[in-house]
Amino acid sequence: MTLVVNHKGYENFVLASKMNELLETKLNTRSLMTIDNDLTVAPGMKKVINRYTFTGKVEKLAKGEGNTEGGVVTFDPVEYTVEVNQQKFEYYDEDFMTDPKIVDVGLEGSAITMVNDLNSKYFAELDKATLSHEYTGAFNYDAVVDSNELMNIEDESGLFLIIGTDLKAQIRKDPDFKGARQGEILFNGQIGSVSGVPVIVSKKTPKTVAYLATKEAVTLFVKKESEVEQERDADIRLNSIFTRKVHVVALTDATKVVKITKASGRKAEATVVEDAE
């Protein structure tokens, strides 16, 4: 069965090409993940990831006493299936002759949708964070500091904070953010820093939510890097372009990400209504 493709073309005048806002976020999430290429040489389309947790405590001992309990490492195995991610774009020779911009916009749109797909998977894994912190009122410096304490790490040089456009204005009004050193662009999308942590803005971040993380939180397991393949049906003059990636995006270290959310005020509001009655 032949795929019917109906592109909207423009004849006899110069086209002022305008592309829809396909790019959901310009954030390069690949730079915010650990890249693992082991799958490229390993057979199979499965990846089992062990998420480790350590529990233990330090005990104060008197002379001749020993520990009453030791630290325990537990893990939960999570199985991921390697995915083939492919974008298809087709056009006829007549489409190109009618409007050459169709091909340019189509290729750019294909690339953008591939980026959007990777970014969506990255944020889906961040959202699986087991560490969480709630803030009240406007999102501010204190919320970042309190979330940082939950991670309990000594070296904070790899930390970054991802917020949405809704929290950008709030954090920019915070006095501590205003006083921070500006202009150091470490990541694509960075607008400044809070408590030494780079602040990155992405429209993929859910409203009122922020993520404090390091690159170790999420890993991109690459089976096959990006490739482009072309086909042509000379009889009907149909050109097909396939953009493809084969990989797995997985939360590999839940101790390296904190999900920061706004505290809900519904319970308090419900209490006031009942009292009024």
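Visitor: Tell me about the side chain of Lys245, and please be specific about residues and values.
Guide: Among the structural elements, Lys245 can be located in strand E11 (residues 238-251). Here Lys245 occupies a buried position and makes no salt bridge, while the nearest side chain of opposite charge, Glu225, is found at 6.6 Å.

Visitor: I'd like a description of empty space enclosed by the protein, backed by residues and values.
Guide: Here the structure, examined in full by the defined rule, presents one cavity of 30 Å³ or more. In terms of lining, the largest cavity is formed by Arg30, Leu118, Leu220, Val222, Lys224, Glu225, Ser226, Lys245 and His247. Contributing elements (two or more residues each) for the lining of the largest cavity: strand E10 (218-233) and E11. Sort the elements by how many residues they give to the lining of the largest cavity and E10 lands first, with five residues. Split into classes, the residues belonging to the lining of the largest cavity amount to three nonpolar, two polar and four charged.

Visitor: Give me a nonpolar patch on the surface: which residues, what numbers.
Guide: A grouping of Tyr52, Phe54, Val73 and Phe75 is seen on the molecular surface, where their side chains present a nonpolar patch of about 470 Å² in accessible area. Listing elements by their share of the nonpolar patch, those giving two or more residues are strand E2 (46-55) and strand E3 (72-81). Relative to the helices and strands, Tyr52 is located in strand E2.

Visitor: Just give me the short version of unusual backbone geometry, but keep the residues and values in it.
Guide: Of note, the phi angle at Thr208 is positive, near 65 degrees, even though the residue is not glycine. Mapped onto the elements of the fold, Thr208 is located in the loop between strand E8 (197-201) and strand E9 (210-213). Since its relative accessible area comes to 31%, Thr208 is described here as partly exposed.

Procedures and definitions
Residues numbered from 1 in each chain as written. Predicted model: local features only at pLDDT ≥ 70, side-chain atom pairs only at ≥ 80, totals over all residues. Heavy atoms only, no water. Helix = DSSP H or I, 4+ residues; strand = E, 2+ residues; numbered from the N terminus. Buried < 20%, exposed > 50% of the residue type's maximum accessible area, 1.4 Å probe, protein only. Lys, Arg positive; Asp, Glu negative; His and termini not counted. Salt bridge = Lys/Arg side-chain N within 4 Å of Asp/Glu carboxyl O. 1 Å grid on protein atoms, 1.4 Å probe; cavity = no way out; pocket = protein on both sides within 12 Å on 5 of 7 lines; lining within 4 Å. Points joined across faces, edges and corners; volume = space filled by probe spheres on them. Nonpolar A, V, L, I, M, F, W, Y, C, P; charged D, E, K, R; others polar. Patch = residues over 30% accessible without salt bridge, like charges linked within 9 Å, V, L, I, M, F, W, Y side chains within 5 Å. Areas by Shrake-Rupley, 256 points an atom, 1.4 Å probe, with all protein chains shown as cover.

It is worth stressing that arrangement in space is one thing and function is another; only the former is reported here.
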